[in-house]
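Descriptive structure summary
Here are the chains, one letter per residue:
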Amino acid sequence: MKLAENIIKIGLAIAAVAGIAYLVVKYMDAIKAWLEKLCPACEIEEEAIEEAAAEEIAAEPAAEEAPAVEEVPAAEETAAVEETPVVEEVVVEDGTPVAEEADFEA
């Protein structure tokens, strides 16, 4: 009886972890938007997001055959990325305390 209870507990723990992982992958865009709203100065690594999306695609079975997509050669892709400048805007609301450089000096 005790063995059966332990097996059930382990199965429930595995199901809980799998459920949380599924929710994180499914709602990655919403989580990213919430984190950016929570901390506008923080940056989320795009590699982690791309890996999660690749895992999600690999986990989903192909229901229908998708039309062929023309792939862009890597040289053209990097050239397009290098041409667009990255601009970060930090919005500071009125009344929000802002640290100065002198606060970080020892």
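All values derive from a computational prediction rather than experimental measurement.

Rules used in this analysis
Residues numbered from 1 in each chain as written. Predicted model: local features only at pLDDT ≥ 70, side-chain atom pairs only at ≥ 80, totals over all residues. Heavy atoms only, no water. Patch = residues over 30% accessible without salt bridge, like charges linked within 9 Å, V, L, I, M, F, W, Y side chains within 5 Å. Areas by Shrake-Rupley, 256 points an atom, 1.4 Å probe, with all protein chains shown as cover. Salt bridge = Lys/Arg side-chain N within 4 Å of Asp/Glu carboxyl O. Lys, Arg positive; Asp, Glu negative; His and termini not counted. Charge placed at Lys NZ, Arg CZ, Asp CG, Glu CD. Helix = DSSP H or I, 4+ residues; strand = E, 2+ residues; numbered from the N terminus. Buried < 20%, exposed > 50% of the residue type's maximum accessible area, 1.4 Å probe, protein only.

1. A short note on a negative patch on the surface
The grouping of E100, E101, D103 and E105 at the surface amounts to a negative patch. Position of E101 relative to the elements: it lies in helix α5 (residues 101-104). Overall, E101 belongs to the exposed group, its relative accessible area being 63%.

2. Some words on a nonpolar patch on the surface
On the surface, I20, Y22, L23, V24, Y27, I31, W34, L35 and L38 cluster together into a nonpolar patch covering about 890 Å² of accessible area. For the nonpolar patch, the elements supplying multiple residues, two or more each, are α1 (2-26) and α2 (28-38). If you trace the backbone, I20 turns up in helix α1.

Spatial relationships are all this shows, so hold off on functional conclusions.
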